[in-house]
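Given next are the chains, with one letter for each unit.
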Amino acid sequence: MELAREDRPQNPRSDTFKSLFLLTLHIATGSIAFIVLALPAILINIASVYSSKIGATYVITIGLRISVYAILTTDLVLFLVFLVRTLYRFILEY
């Protein structure tokens, strides 16, 4: 059960620091998740460069590069949605 604004503790400084701490924690967690989800894209990019050096066909190289961009784009969009939702919740709480 969430307390109404009138029923919350009267120490706004404590609430502000708690809210800022939670915002920072959520942003740090989201950033770590972004990095972890981007690692496969980085590894696929390395595989793409290596495959082009050893003479893999153009189709395989392009397929690997498309998958890298797809993974990174999806990851970035999800990260931005996460940040916007987190900031929106912070603003509503604050």
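Preceding this paragraph is the structure being described.
Note that the structure is predicted; figures quoted are calculated from it, not measured.

Analysis parameters
- Residues numbered from 1 in each chain as written.
- Predicted model: local features only at pLDDT ≥ 70, side-chain atom pairs only at ≥ 80, totals over all residues.
- Heavy atoms only, no water.
- Helix = DSSP H or I, 4+ residues; strand = E, 2+ residues; numbered from the N terminus.
- Buried < 20%, exposed > 50% of the residue type's maximum accessible area, 1.4 Å probe, protein only.
- Contact = heavy atoms within 4.5 Å.
- Areas by Shrake-Rupley, 256 points an atom, 1.4 Å probe, with all protein chains shown as cover.
- Patch = residues over 30% accessible without salt bridge, like charges linked within 9 Å, V, L, I, M, F, W, Y side chains within 5 Å.
- Salt bridge = Lys/Arg side-chain N within 4 Å of Asp/Glu carboxyl O.
- Expected span 1.5 Å × (residues − 1).
- Polar contact = N/O pair within 3.5 Å; in protein donor to acceptor, adjacent residues only side chain to side chain.

Chemist: So, the overall build of the chain: which residues are in play, and what are the values?
Modeler: Across its full length, the chain holds 2 helices and 0 strands. Burial status across the chain gives 15% buried among its 94 residues. Considering only intrachain contacts with a sequence separation of at least 6, the fraction spanning at least 24 residues in the chain is 71%. Taken as a whole, the chain presents about 7500 Å² of accessible surface, with 73% of it coming from carbon and sulfur.

Chemist: Summarise the side chain of Thr61; cite the residues concerned and give the values.
Modeler: Structurally, the position occupied by Thr61 is in helix H2 (residues 58–93). On the basis of relative accessibility, which here comes to 8%, the residue Thr61 falls in the buried class. Apart from the residues within four sequence positions on either side, Thr61 is in contact with Ser48, Ser51, Ser52 and Ala56.

Chemist: Pulling in residues and values, what's your account of a nonpolar patch on the surface?
Modeler: Together, Ile35, Leu39, Ile42, Leu43 and Ile46 make up an exposed nonpolar region whose accessible area comes to about 490 Å². With respect to the helices and strands, the residue Ile35 is situated in helix H1 (residues 12–53).

Chemist: How would you sum up H2? Please name residues and give values.
Modeler: Here H2 spans 52 Å end to end across 36 residues, near enough to the 52 Å set by a 1.5 Å rise per residue. Along H2, the residues classified as buried are Thr61, Val68, Asp75, Phe79, Leu83, Thr86 and Phe90.

Chemist: Break down the side chain of Thr86 for me, citing the residues and quoting the values.
Modeler: The topology assignment puts Thr86 in helix H2. Of note is the side chain of Thr86, whose polar atom sits 2.8 Å from the backbone oxygen of Phe82. Non-local contacts of Thr86, meaning those with residues more than four positions away in its chain, are made with Leu23 and His26.

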